[in-house]
Amino acid sequence: ILILYDAIHPDISAIKSVLKTHVGYKINTSKLSEFNSNYNKYNLVIYFALSENKLEKLERLKSSDVSLLLLVGANSVSTLNYLYPKGKVVGKNKTQEITPSYNTNFSKFNVSTTLQNYLTDLPPLLAPFGSYNKSLTAEILLYQKIGMYSTEKPLIILDNNSERKFSVVYSEGLWKWKINDRNNNNLHENFDELFSKITQFLL
């Protein structure tokens, strides 16, 4: 698994801590500007797109067939649209606070009742403001909820199309969910379940 980033952010540590609980995972971490190896030697690339990059830097990643988990920052909509045009966002690089709403029709893997309950009371994340495209092969795991109102906009999607597997988290601030996950002595159990299952689907 390659963790790729273009800026330091606490979300990187939050996701990396989940992967480190799996004994069989070998994890490499690199800044995008310093990565010179072949993407296809990995089973999964987790890219924290937290700032805008010149798109030519992403050409090799786009043309690879490795599974991709893309975490979209407030200022990286054009990066998302380049790497995953089927799930692009059309907007003006503005953000809004959102919370999750679980899709009860989600079918790609089982989500425990405990995790579903955990998702009902979490700190807000920052998501790109705009209209969202959705691939015909994508399934929404979590919708965006604005205030008290659930929307049809995706917060987390999983897509298994003919080319490769994708997952997109259309927000940043996941570290707040992790530190909010305390249930007696079971620290981060729900956060770990959520991202362990997303990772396992992509692998």
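A quick note: this is a predicted structure, and the numbers were derived from the prediction, not measured.

## So, the overall build of the chain
Here's step 1: On a plain count of helices and strands, the chain comes out with six helices and 11 strands.
Here's step 2: Against the 2.2 N^0.38 benchmark of 17 Å for 203 residues, the chain shows a C-alpha radius of gyration of 16 Å, consistent with a compact globule.
Here's step 3: Overall, the C-alpha framework of the chain stretches about 45 × 40 × 30 Å when taken along its three principal axes.
Here's step 4: The buried share of the chain, taken over its 203 residues, is 51%.

## Describing the sheet that holds strand E2 (residues 28-31)
Here's step 1: Taken in spatial order, the nine strands line up as E2-E1-E3-E4-E9-E8-E7-E5-E6 in an open sheet, and their pairing is mixed. Unpaired on one side and paired on the other, E2 and strand E6 (125-132) mark the two borders of the sheet. Within this sheet the neighbouring strands show an average axis-to-axis angle of 35 degrees, counted without direction.
Here's step 2: As defined by bridge partners, strand E5 (residues 89-102) adjoins strand E7 (residues 138-146) across four bridges and the pair is classed as antiparallel. The residue of E7 that forms the bridge with tyrosine 102 is leucine 142.
Here's step 3: Across the face of the sheet, helix H1 (residues 10-19) comes into contact with strand E1 (2-5), E2, strand E3 (44-49) and strand E4 (67-72) while running at roughly 160 degrees to E3.

## Considerations on H1
Here's step 1: All buried positions along H1 are accounted for by Asp11, Ile12, Ala14, Ile15, Val18 and Leu19. Summarising the axial view, the buried residues of H1 lie within an arc of 165 degrees, below the 170-degree limit, and thus occupy one face.
Here's step 2: Of the surrounding secondary structure, the elements contacted by the buried residues of H1 are E1, E3, E4, helix H5 (174-179) and helix H6 (189-202).

## Observations regarding the pattern of salt bridges
Here's step 1: Taken as a whole and judged by the stated rule, the model has three salt bridges.
Here's step 2: With a shortest N-O distance of 3.9 Å, glutamate 139 and lysine 108 are connected by a salt bridge. With glutamate 139 in strand E7 and lysine 108 in the loop between E5 and helix H4 (113-118), this pair connects stretches of sequence that are 31 residues apart.
Here's step 3: Here glutamate 139 falls in the buried class, since its relative accessible area comes to 16%.
Here's step 4: A salt bridge links lysine 178 to aspartate 192; its shortest N-O distance comes to 3.9 Å. Taken together, the residues span a long stretch of sequence, with lysine 178 in helix H5 and aspartate 192 in helix H6 at a distance of 14 residues. Each member of the pair lysine 178 and aspartate 192 is classed as buried.

## Here we look at the packing of aromatic side chains
To describe a pair of aromatic rings, you give the distance between the ring centres and the angle between the ring planes.
Here's step 1: Tallying each qualifying case throughout the model produces six aromatic pairs.
Here's step 2: Relative to tyrosine 42, the ring of phenylalanine 35 lies with its centre 6.2 Å away and its plane at 50 degrees, an arrangement referred to as tilted.
Here's step 3: Take phenylalanine 35: its relative accessible area is 7%, and that puts it in the buried class.
Here's step 4: The exposure class assigned to tyrosine 42 is buried, which follows from its relative accessible area of 11%.
Here's step 5: Plain terms: the ring middles of tyrosine 132 and tyrosine 170 are 5.0 Å apart, the flat faces sit at 65 degrees to each other, and that makes the pair edge-to-face. Of this pair, tyrosine 132 sits in strand E6 while tyrosine 170 sits in the loop between strand E9 (165-169) and H5, and the two are 38 residues apart along the sequence.
Here's step 6: Residue tyrosine 132 is classed as buried on the basis of its relative accessible area of 14%.
Here's step 7: Aromatic ring contacts, followed pair by pair, group Phe35, Tyr39 and Tyr42 into a single cluster.
Here's step 8: Above the ring of phenylalanine 201, the side-chain terminus of lysine 165 is found at 4.7 Å from the ring centroid.

## What about the pairing of E1?
For a regular strand, side chains alternate in direction, first toward one face of the sheet and then toward the other.
Here's step 1: Of the two faces of E1, both are covered, the one formed by Leu2 and Leu4 as well as the one formed by Ile3 and Tyr5.
Here's step 2: Relative to E2, E1 runs parallel, the two being bridged by four bridges. When the bridges of E2 are listed, leucine 4 appears paired with serine 30.
Here's step 3: Of the crossover connections in this fold, the one passing from E1 over H1 to the parallel E2 is right-handed.

## Section: the nonpolar core
Here's step 1: Tyr47, Leu141, Trp177 and Ile198 are the most contacted members of the largest nonpolar core, which has 67 residues in total.
Here's step 2: Sequence-distant contacts of leucine 141, that is, excluding residues within four places in its chain, are made with Ser101, Tyr102, Asn103, Phe106, Phe109, Val111, Ile156, Ile157, Leu158, Leu194 and Ile198.

Reading the values: the criteria
- Residues numbered from 1 in each chain as written.
- Predicted model: local features only at pLDDT ≥ 70, side-chain atom pairs only at ≥ 80, totals over all residues.
- Heavy atoms only, no water.
- Helix = DSSP H or I, 4+ residues; strand = E, 2+ residues; numbered from the N terminus.
- Rg over C-alpha atoms; globule rule 2.2 N^0.38 Å.
- Buried < 20%, exposed > 50% of the residue type's maximum accessible area, 1.4 Å probe, protein only.
- Pairing = 2+ DSSP bridges.
- Axes fitted to C-alpha atoms, helices over the stretch in contact; angles between N-to-C directions.
- Contact = heavy atoms within 4.5 Å.
- Arc of directions from axis to C-beta.
- Salt bridge = Lys/Arg side-chain N within 4 Å of Asp/Glu carboxyl O.
- Phe/Tyr/Trp six-rings, centres within 6.5 Å; stacked < 30°, edge-to-face > 60°.
- Lys NZ or Arg CZ within 6 Å of the ring centre and 35° of its normal.
- Right-handed = clockwise from strand over helix to strand, strands pointing away.
- Core = buried A, V, L, I, M, F, W, Y, C linked by side-chain atoms within 4.5 Å.

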